[in-house]
Every structure is written in structure tokens, then in C-alpha cells.
Amino acid sequence: MTAAASAWWILFFPLAAFLLIPLIPEKKRTLGGWLACAGMFCAFALTVKIAWPIFEGQPFHSFHASIEWILIPNLQLEFGVLIDSLSVLMLLVVTGVGSAIFYYSLEYMAQDEGYRRYFAGLSLFAFSMIGIVISANLLQLFIFWELVGLSSYLLIGHWYQKNEAADAGKKAFLTNRVGDFGFLIGILLLWTFSGAEAARSLNFLNLNVTIPAFAQASASHGIWITLAMLLVFSGVLGKSAQFPLHVWLPDAMEGPTPVSALIHAATMVAAGVYLLARTFPLFSLSPAALEIVAYLGGFTAIFAATQAIVQNDIKRILAYSTLSQLGYMVMAIGLGSAAIGMYHLTTHAFFKALLFLGAGSVIHATHEQDIWNMGGLAKKMPVTSVTFFIASFALVGFWPASGFFSKDEILSLAFLENKFLFWVAAFTVFLTALYMSRLIVVAFLGTSKIRKKLHEPTQKMLLPLAALAVLSLIGGFLGIQNILSPASHSSHETPVFVVALATAFGILGVLAAWFFYRSSRKIQNRFQTAFAPIREILVRKYYMDDLYDLLLRYIQQPFAQFLSWFERKVIVEGLVNHTAAFAAFSGFCLRKLQTGRIQTYLSVFFFGVVILVYCFTIANLHP
Amino acid sequence: MTLNHYLITSGILFAIGAFGVLGRRNVIIILLSIEIMLNAANLSFVAFASHLNDLGGQVISLFVIAIAASEVAIGLAIAVILFREQGTLDPEKMNLMKG
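These notes cover the structure that comes with them. (Residues numbered from 1 in each chain as written. Chains lettered and ligands numbered in written order. Predicted model: local features only at pLDDT ≥ 70, side-chain atom pairs only at ≥ 80, totals over all residues. Heavy atoms only, no water.)

1. Things to note about the pattern of salt bridges
Where charged atoms from two side chains of opposite charge approach closely, those side chains can pair.
Residue and element names in this part refer to chain A.
Stage number 1. Scanning the model with the defined rule gives 15 salt bridges over all chains in all.
Stage number 2. For D84, the salt bridge identified is with R278, shortest N-O distance 2.9 Å. Of this pair, D84 sits in the loop between strand 2 (75-83) and helix 3 (85-108) while R278 is found in helix 11 (residues 270-278), placing the two residues 194 residues apart along the sequence.
Stage number 3. Taking the shortest distance from any N to any O, the salt bridge between E146 and R177 comes out at 2.6 Å. Residue E146 is located in helix 5 (residues 138-156), and its partner R177 is located in helix 6 (residues 163-193); the two are separated by 31 residues in the primary sequence.
Stage number 4. Using a relative accessible area of 33% as the deciding quantity, one classes R177 as partly exposed.
Stage number 5. One salt-bridge network, held together by shared partners, links K171, D251, R316, K541 and D545. (Salt bridge = Lys/Arg side-chain N within 4 Å of Asp/Glu carboxyl O. Helix = DSSP H or I, 4+ residues; strand = E, 2+ residues; numbered from the N terminus. Buried < 20%, exposed > 50% of the residue type's maximum accessible area, 1.4 Å probe, protein only.)

2. With respect to the packing of helix 3 of chain A against helix 11 of chain A
Residue and element names in this part refer to chain A.
Stage number 1. Where helix 3 meets helix 11, the axes come as close as 11 Å, and the angle between the chain directions of the two elements is 170°. As judged from the angle between their axes, helix 3 and helix 11 are roughly antiparallel. Counting all contacts with helix 3, which are made through L86, S87 and M90, the residues of helix 11 involved are A270, A271, Y274, A277 and R278.
Stage number 2. Per-class residue counts for the contact of helix 3 with helix 11 are six nonpolar, one polar and one charged. (Axes fitted to C-alpha atoms, helices over the stretch in contact; angles between N-to-C directions. Parallel < 35°, antiparallel > 145°, perpendicular 65-115°, else oblique. Contact = heavy atoms within 4.5 Å. Nonpolar A, V, L, I, M, F, W, Y, C, P; charged D, E, K, R; others polar.)

3. Thoughts on the side chain of T88 of chain B
All names here are of chain B.
Stage number 1. Within the secondary structure, T88 is located in the segment after helix 3 (56-86).
Stage number 2. The exposure class of T88 is buried, given its relative accessible area of 19%.
Stage number 3. Here D90 takes part through its backbone nitrogen, which lies 3.0 Å from a polar atom of the side chain of T88.
Stage number 4. Leaving out residues up to four positions away in the same chain, T88 has contacts with L82, F83, K93 and M94. (Polar contact = N/O pair within 3.5 Å; in protein donor to acceptor, adjacent residues only side chain to side chain.)

4. A look at the interface of chain B and chain A
Stage number 1. Taken together, the 15 residues of chain B in the interface contact nine residues of chain A.
Stage number 2. Note on chain B versus chain A: buried area summed over both sides is about 980 Å², and carbon and sulfur give 60% of it.
Stage number 3. If you look at where chain B meets chain A, you find zero salt bridges.
Stage number 4. Our count for the contact surface shared by chain B and chain A stands at zero residue pairs in polar contact (both at pLDDT 80 or more).
Stage number 5. Residue assignment for the side of chain B that touches chain A shows that the elements contributing at least two residues are helix 1 (3-23) and helix 2 (27-52) of chain B.
Stage number 6. At five residues, helix 1 of chain B tops the list of elements feeding residues into the side of chain B that touches chain A.
Stage number 7. Counted by class, the side of chain B that touches chain A contains nine nonpolar, three polar and three charged residues. (Buried area = accessible area lost by both parts, 1.4 Å probe.)

5. Some points on helix 1 of chain B
All names here are of chain B.
Stage number 1. Over its 21 residues, helix 1 extends 30 Å from the first C-alpha to the last, a length consistent with the 30 Å expected when each residue adds 1.5 Å.
Stage number 2. Those residues of helix 1 that sit buried are L3, S10, G17, A18, G20 and V21. Along helix 1, the residues classed as buried sweep out an arc of 160° about the axis, all on the same side. Looking at helix 1, the residues exposed on the side facing more than 90 degrees away from the buried face are N4, I8 and F19. (Expected span 1.5 Å × (residues − 1). Arc of directions from axis to C-beta.)

6. So, the layout of surface pockets
Stage number 1. Its boundaries defined by the atoms lining it, the largest pocket holds a volume of some 750 Å³.
Stage number 2. Considering the residues around the largest pocket, the lining is formed by 30 residues, among which I598 and L602 of chain A together with V21, I30 and I34 of chain B are closest to the centre.
Stage number 3. When residues of the lining of the largest pocket are traced back to their parent elements, those giving at least two are helix 27 (598-621) of chain A together with helix 1, helix 2 and helix 3 of chain B.
Stage number 4. At eight residues, helix 27 of chain A tops the list of elements feeding residues into the lining of the largest pocket.
Stage number 5. Of the residues that constitute the lining of the largest pocket, the class distribution is 25 nonpolar, five polar and no charged. (1 Å grid on protein atoms, 1.4 Å probe; cavity = no way out; pocket = protein on both sides within 12 Å on 5 of 7 lines; lining within 4 Å. Points joined across faces, edges and corners; volume = space filled by probe spheres on them.)

7. Comments concerning the packing of aromatic side chains
How two aromatic rings sit relative to each other is given by the distance of their centres and the angle of their planes.
Residue and element names in this part refer to chain A.
Stage number 1. Under the criterion given, the structure shown has 39 aromatic pairs over all chains.
Stage number 2. Aromatic side chains Y153 and F173 sit 5.5 Å apart centroid to centroid with 55° between the ring planes, which places their arrangement in the tilted category. Placement of the pair is Y153 in helix 5 and F173 in helix 6, with a sequence separation of 20 residues.
Stage number 3. Its relative accessible area of 28% is what places F173 among the partly exposed residues.
Stage number 4. Ring geometry for F422 versus W423: centroids 5.4 Å apart, planes at 70°, classification edge-to-face.
Stage number 5. W423 gets classed as partly exposed once you look at its relative accessible area, which sits at 44%.
Stage number 6. Joined through ring pairs, the aromatic side chains of W8, W69, F79, F127 and F144 make up one cluster.
Stage number 7. Over the ring of F588 we find K592; its NZ or CZ atom is 5.0 Å from the centre of that ring. (Phe/Tyr/Trp six-rings, centres within 6.5 Å; stacked < 30°, edge-to-face > 60°. Lys NZ or Arg CZ within 6 Å of the ring centre and 35° of its normal.)

Now the structure itself:
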């Protein structure tokens, strides 16, 4: 099998699983789960096969294969695969972390009523996500991008009987639509820039040549490139949940926990970052666009981290943490290094998936999501707790866990490029340490508030936890950063100052949380009343939901009502009804002619014949 | 007897038939009038055939006679059914199609 054929097969396996699972009868439902797992494992195995040269330390030869799809003048569109080191890295993350989470779901969802629906949705998601990663052109990527949005909607609303879940699904879908609308316009703009009319193409390899040529053709083209790239970035804002389109991600935690782990932490929300990395050659043409990307990423990082401190739901804390970490990745790419952003994406996928799966184990055992109702989990669920600690360790970025390496790359990049963003990012490390330690101190340490007997989950759930824990721990030593940029790593040394500062901030955050949340209730209360106004702002999520509510209620809704009025009164009553009335009136007049008497008709007929004969003969004879 | 005599006779016959169709109040008379019109056409066909030495006109008139025969057969059958259904043969009363 050639490498290109394997790439097609990677896409095919999850799709086949998705199509076959609904055919399985409810009595044999476990087969559906195993089928989904089999599809994912096969995809993972093929990915490893393609990526084998990388594991052997050889340079990876990228390749591109395609079949013609839509051929119309001005647009040659193909359905293709583009496998380079970037997509191989992303494929490894998606299928690798995906396999672990699929396997974990077998046990987690075993009692669920919608078991087959769940695994069918998960397979559809895997298919769409792999489609994004291997897409060879922007439009194909956009199609899979929308499919990912759909499967995310289906999985968030898995427990659709619950109103919150159904609403969260809608919110996620609609928020993404806003971003994707801009993305589509951005794609169309890029298409118009891509060379002469006859030879336009949205293929990435072509765009990387034609768009720079367009930019160099005239000085005034720069502003157009900036506009197009910012529109593409609006798609990233939606999918990767960056400010101001971040509002859907915390609500998306209404879905099953493995879904949160796979889609809303490790892979789908990383699709935006992947798109940034994929189109980075185009972004780098516009320094202004990159600067906006960097600042929005940095802002989201600190903005979300502050909100994570006051959340009480274990999954929501992790959701805000995801927002914050995605902000880091977007910032890194905005500062000019797609490789570093992708590096953090990879390590983050390991430890964030692990955190969510750990939270899933806790929820599975306790049926409780409020951290204040947990406590003392470390003693009762030692394996889950240890893996959770390892993941938190990596998230905060302590040596030697994987997060240390990727985060320090980002920090030192920021240190060199933009001092302001460096301090923002460094302070976010402190906040990260603070909220993770708060979570651990409150939920895992101290005295237990749960009466019933807790137990560790079974082997099926512990195995993925262990695998991800190992990856989170040693991810920094695997040479992931060399896959994308073999040379850059050695070119600049991480400043010792940066490492020391980040670690110091991390320890500071841990100590603050440790002393505060282990102190007596009285001190905590006094502190909380002192900071009540700030706390209120954070709990209300900086009033972002209220702001959107106002926007919808006072701008979008009146506008929609005006359109509805316009449609009903002007279009339907004015145009449609009046057209019908005119037809009815003319019919009313004309029907008088229909006497129903054959002789009347015949008279008209003869009279007509006489006129015709006159016109054709006599009038012509004597002009 | 020139061609004109035949044609004028044919024209007069056609006009008689037309007025019969338009004016009479009995379906059977109307059918007869249609026959007269058809025969007026036949007369001019035959006249032209003889004048131009072309048998085509005579052939067409034979066709017309055949069609007239079948038309009368169907027309009379319709008249019988009309009389059974409506009790009259007055076309003024047959206004079911009135708009």
C-alpha cells in the first residue's frame, strides 16, 4: 500500500464505523463500541505507519495526492490529501489521543441509553477531524470543518433530554456559525487573490506561491491580505474558542466527559490552531494580522485563567483552562512560530485529555461535579489521583513534565518578541498554578464529603489514563518539537531567566492555593467578602454572556423582527398576495367572455378567420 | 362555365353553411350545415383539380367525404346522448362550460 492510499484509508475507517454502527441491533450494542474503537485503532496504526520515518529519526518526505472533483471555469477543485510533517503530527495527536478516549468510553458510556448513537457520533467526529487534518485545499478543509461542528453539536447534545445540554449544543453551533461565516468570506477572498482567473486554486501548495506573489504585485495589496487573513482567523476564533467567541466552550461541558476530553480539549478546539499553522505562510505576509492574533491569544489566556479560579464545577474549571491554553498556542503562532504553537498543542492534548478523563473517572464514581462536594479523593481513588496530579503538573509547566518544555518555548518566544505579552503569559502561569492547585486541594485532598463507598474504575478506564499519564510525563523528551522545525530548537537557547520566572510563578500559585484553601473557613470568608466585587465579575464571566444577551435582545432580535415584519407585510402581503389578487381580478373580467355557448365561440372564430384572411391576402395585394 | 362560377357557388354554399352553424337552434341542423360547408370545400377542390389538371384535389375531396361520414356518425351519436341527458337539442341550453 502506498503512503497516499494509507492516508485515504485513515479517513475511511472511522467513516465505515460511523455508517455500520446504526445497523447493529440494540441487543448487541457493545459490538458498536468495539467497532468504533476498531476504526480508530486502524486509523492510528496507519498513521504510525506513515509517520515511521519520523520515529526512526529520518526527515519526513511530504506528499500530495488528489482526485479531480469540481472542474468549472475559474475553479479547479480537487479532493486531496496533503501529508507533511505538520499533518502527520496532528494526525498522531488526533488518532492517538482519540484511540485512548474511544477505549475509555467503552466503560464510561456502558450504561448509557444512547450507547450506539454516542459511538456513531464519535466516529463521525473522528472522520471529520481526520478530514480537516489531511485536506489539501481550503474548501475541502472548510467542509470537514463544518462536519466537525456538526458532530460537536450532536455530542454536546447527547443527553438532549436535559435542557442545558440541548441549549449548550445550540449555543456551540451558532457561535461557530458566526466565526465560520467570516472564514468562508476569507476563503473566497483568498480565492480571488490566487492568481489569474483561469488558474485559480485553493490548494495549500498553490496558495503558498500565489498569495505572496499577489502581495508583492502592489503595495496596496497588503491591506487586502490582512483583511482576508483576519476573516480566516475569525473561523479560528469560533472553533478554538478564542475571545470574543469563547462563550460556547464552558457550556459545551454538558456533553459526556470523554467527549469533553476528545473534542473540547484535545483535538477539535485545536483545529483552529492547526488551521493557523497550516495557513501560517499566508499569515506571515501580514504582520498586522499576526499581531492581532498574538494579542487576542494572549488576552484569552489570561482572561480565561482568571475565570477558572472561581468556577466550582470540575469540568468547567478544566474548560476555562483549555481556553487559556489555546490562547497560549494562538499567541505563539501570532508571535511567529507555528512550530512552537503546534508543540504546545501536542503536549496539551496529552495532559488535557488526561485531566478530563481523570475528571470523568471521578464523576463516574461519585456522580458529582461540584468540587466542594468531593474532598479526599486521593485516598479513595489513588490511581486516578496520581494521573490527575501528573497532568496538573504538566499543565502548570513544572520540570520534567511535558508542559514545561512547550510552555517555556512559548514564554521564551514571547520574551524575545514582545515583552508585554511575555508578562501576560508569565502571570497566566501563576493563575494556572492557582486554579489547578485549588481544584486539587479542594477535591482531592482534605476530608471526604462523600458518604458512599468509592471505587477506582475498571481496567478499561485506567489503561488510557496510564498511557496518557506516561505521555504527559515524558512528552518533552520525545523530540516532538523537532518534527516541525529540526533547526530552530538549537538556534535560540531558552533564557534561564524565563525558566526561573515561570517556575517561580508556578510554585507561588501552588503555595497561594495551598495556604488559602487549607486555611480555616473564617479566613476564607473574610477574604471572599473583601474581594466580593472582583469575585462577582469573575463568577459572571466578565458579563460576557450578559453582553451577548443584550446584543441578541436589543440588536439582533429587533432586526430579526423587522425582517419578519418586512417578509410578512411587504413581501407576502404586498407582493405575493397582490400578484394573486391581480390574477383573480383579471380572471373575473375575462371569464365573462366564456359564455359556454358553442355558437358564440364559433362566431369569434369565423370573425378571426375573416380578419386573418384579410391580413394575409387582400391587404397584401393592395398595399 | 369558368373556374369563377364554381368558386362563387362554393363560396355561397360555404356562407349558407356558416350562417346555419351560427344561427340555428338545433344541433342536427347545425350538423347538416357543417356538411354543407364541407361540401362547399369539396366543390372548390374538384374545380381547382379540373382547372389545373391535377388529380390531387380530387383525392383530397375523397378524404374529406370520408371524414365527413365519420363526423356525421359521431356527431349524431353525440346529439342522441345530449337529447337523452338534457331533453333538448337547443345549443343555447348547453352552457355547462359557462365561466
